[in-house]
Amino acid sequence: KLPMIVYNKTILENTFLVSEAIHLKDAQFIDVESLNFIKQKLETLKTSRNIFARIGFFLLGTLLFSSIFGLFAFITLSHNNDVNDGYYLGILFSIIGIVLLELICNMNFYRHGVDDAFLIGTQISIYTTVYLLSDSEIILSIAMIIIGLLFCIRYINTLSFLVSLTGMVFFIGLLFVNYTSITAILPFLIFGIAYGFYFLHKKFKNNEKLYFFTNVMYWFYIFSLLLGYASINYLVVRSLSEDLMNLDFTNSSMPFGWLFYGLMFIIPIVYVV
């Protein structure tokens, strides 16, 4: 196995090779017989290539996940309704979720649907528990950064990486809103972060060591573009300024409003070019 990655390296490589073979077949570089021969010769992970099948297995996994945790919650809360039980239950759910997720992934489920349900459910349990214990949005954002990145690396999960990136933006935004008086530059700061993400993607996207994270890097690219556009979009900046900074622009113009309004139309054109 590769360091930190839960899957067997050889089987994981075979899965990616078969995926490449399917793309070659779709592009008519190889025929169906060659593709079937490759599939027969290579042991691969259990994955759902059909999006509808993956959604179906995800719903099944969600039902299984909720049933297991519902049973534990019923047993625990039926004996005592102490408020501390919520904390203990959250910690218990997080531990059990990680154990079950490890078992599922060691059974070679990858992008199957069932593993997706347990990945999402376990992380929700962890983040909820962290927030209940800390009652701090900053600590929650730090947990999102760390846990999301660890889950991304171990389970090669794109959504976990997006959670980690969101946590970074959330963390920086909270620091500026709560602890500084220069919140007006926050949109430009986030735009700079988006550019930094874009630069990192350009630097590492062709790194052979990140071959298994090709899909993660692709969505890293998409996230950087969307974050860059949202950070200087007039409607987004105005809405967040009113909600987060308690500002009212009903009878006044927003600072740099003309700039944000212009960039709202210019940035998509730049993206297309």
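Bear in mind the structure is a predicted one, so any value in this text is a computation, not a measurement. (Residues numbered from 1 in each chain as written. Predicted model: local features only at pLDDT ≥ 70, side-chain atom pairs only at ≥ 80, totals over all residues. Heavy atoms only, no water.)

(A) Region of the structure containing the overall build of the chain. What the chain contains, in helices and strands, is 11 helices and zero strands. The buried share of the chain, taken over its 273 residues, is 38%. (Helix = DSSP H or I, 4+ residues; strand = E, 2+ residues; numbered from the N terminus. Buried < 20%, exposed > 50% of the residue type's maximum accessible area, 1.4 Å probe, protein only.)

(B) Spotlight on the packing of aromatic side chains. Applying the stated rule across the entire model yields 14 aromatic pairs. Seen from their ring centres, F65 and F118 are 5.3 Å apart, and the 80° between their planes marks the pair as edge-to-face. In this pair, F65 is assigned in helix α3 (residues 51-77) and F118 in helix α5 (residues 114-134), connecting sequence segments 53 residues apart. Neither residue differs from the other here; F65 and F118 are each classed as buried. Taking the centre distance of 5.8 Å and the plane angle of 55° together, the rings of Y211 and F212 count as tilted. You can call Y211 partly exposed: its relative accessible area is 34%. Through a chain of ring-to-ring contacts, three or more aromatic side chains come together here, namely Y7, F16, Y110, Y211 and F212. We note K46 situated over the ring of F109; from NZ or CZ to the ring centre the distance is 5.3 Å. (Phe/Tyr/Trp six-rings, centres within 6.5 Å; stacked < 30°, edge-to-face > 60°. Lys NZ or Arg CZ within 6 Å of the ring centre and 35° of its normal.)

(C) Looking closely at the pattern of salt bridges. One pass over the structure, following the stated rule, counts two salt bridges. The closest approach of N and O atoms between R54 and D116, which form a salt bridge, is 2.7 Å. With R54 in helix α3 and D116 in helix α5, this residue pair connects regions lying 62 residues apart in the sequence. R54 gets classed as partly exposed once you look at its relative accessible area, which sits at 26%. One salt bridge connects R154 with E102, and the closest N-O pair in it is separated by 2.7 Å. Separated by 52 residues along the polypeptide, R154 in helix α6 (residues 137-155) and E102 in helix α4 (residues 84-106) bring together distant segments of the chain. (Salt bridge = Lys/Arg side-chain N within 4 Å of Asp/Glu carboxyl O.)

(D) Expanded view of the confidence of the model for the chain. For the chain, per-residue confidence averages 86 on the pLDDT scale, and 89% of positions sit at 70 or higher. Taken element by element, the predicted model of the chain shows its lowest mean pLDDT in helix α10 (residues 234-244) (70) and its highest in α6 (95). (pLDDT = per-residue confidence, 0-100.)

(E) Broad picture of helix α11 (residues 257-272). Compared with the 22 Å implied by 1.5 Å per residue over 16 residues, the 24 Å span of α11 between its first and last C-alpha is a close match. Along α11, the sharpest change in direction is near 35° and occurs at M264; proline P268 comes one to four residues later. Considered for burial, the residues of α11 that qualify are G257, F260, M264 and I267. (Expected span 1.5 Å × (residues − 1). Bend = angle between axes of the 7 residues up to and from the residue.)

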